[in-house]
Amino acid sequence: MSSKNISHTNHKIRNSLNPGKKIKDLKEKLHIADSFQNKSNLADAYRENKNFPEAILYYEKALESISYEDKHTLNKLAKCHFELKNYKKVVECVGEIDLDKFFKGTICIYAISLEQCGFNEKAESEFKKTNIRYSNYPERLEYARFLVRQNNGIDAKKTLDVIISEIDNMIESNKKKYKYVYKESIKLLEQV
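First things first, this report covers the structure right here in the doc. (Residues numbered from 1 in each chain as written. Predicted model: local features only at pLDDT ≥ 70, side-chain atom pairs only at ≥ 80, totals over all residues. Heavy atoms only, no water.)

Positive phi, normally seen in glycine, also occurs at lysine 85, with a value near 60°. In this fold, lysine 85 is placed in the loop between α5 (71–83) and α6 (87–94). With a relative accessible area of 57%, lysine 85 lands in the exposed category. Unlike most non-glycine residues, tyrosine 134 shows phi in positive territory, near 60°. Along the chain, tyrosine 134 turns up in the loop between α9 (120–130) and α10 (137–149). Judged by relative accessible area, which is 57%, tyrosine 134 ranks as exposed. (Helix = DSSP H or I, 4+ residues; strand = E, 2+ residues; numbered from the N terminus. Buried < 20%, exposed > 50% of the residue type's maximum accessible area, 1.4 Å probe, protein only.)

This is the structure we're talking about:
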């Protein structure tokens, strides 16, 4: 391993152990070169540290510095707004990108945000996209919760029954992975 590679590896280790140093280094890079990538990298570091207001600030600055809507940056921006319960902003950000094609993992937070903004039919339509057998267990649990909030106990019960049945039939290691979803599904089913 060359001395350059060792130095780079040591730098990465120091930054992971000291997130403040990583942010300081990224701010310095941004000061030297005010680029989209440097703003986005700094925003990513703030997001990793769960400093969502600062992450939002730098994602927005990054988007202002380019002439197109970068879908990856918009997706990260939407996730930060969701963490801060800025549901209208989530809806705005996601409206600019194709979740079905690029960011299926964001569909659930989009659906929750739509519901919070009073767009229940659109929220249900988005939640239904996550209701795929043998996958998306946390999202499907959220869908069942949504159905309960919409006073649709029949569909909520069907969804929960399927989730519970699928997890019951998993191998032990997979069951452990979805233990929380399983317990919450049973608890919610008892309330329906």
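With that settled, the discussion passes to the environment of alanine 43. If you trace the backbone, alanine 43 turns up in helix α3 (residues 36–48). Residue contacts for alanine 43: discarding those within four places in its chain leaves Ala55, Tyr58 and Tyr59. (Contact = heavy atoms within 4.5 Å.)

Another point: the packing of α5 against α6. At a minimum axis separation of 8 Å, α5 and α6 run at an interaxial angle of 165°. Judged on the interaxial angle alone, α6 and α5 are roughly antiparallel. Crossing angle aside, the handedness with which α5 passes α6 is left-handed. From α5, Leu74, Leu77, Ala78, His81 and Phe82 reach across to α6, where they touch Tyr87, Lys89, Val90, Cys93 and Val94. Classifying every residue of the contact of α5 with α6 gives eight nonpolar, one polar and one charged. (Axes fitted to C-alpha atoms, helices over the stretch in contact; angles between N-to-C directions. Parallel < 35°, antiparallel > 145°, perpendicular 65-115°, else oblique. Left-handed = near helix turned anticlockwise from the far one by under 90°. Nonpolar A, V, L, I, M, F, W, Y, C, P; charged D, E, K, R; others polar.)

One finds Leu42, Leu99 and Phe127 to be the most contacted residues of the largest nonpolar core, which totals 42 residues. Mapped onto this core, the elements with two or more residues apiece are α2 (19–32), α3, α4 (52–64), α5, α6, α8 (107–116), α9 and α10. Aside from chain neighbours lying at most four places away, what touches leucine 42 is Ile23, Leu26, Lys27, Leu30 and Tyr58. Leu141, Ala144, Leu160 and Met170 belong to the second-largest nonpolar core, a separate cluster that totals ten residues. (Core = buried A, V, L, I, M, F, W, Y, C linked by side-chain atoms within 4.5 Å.)

Spatial relationships are all this shows, so hold off on functional conclusions.
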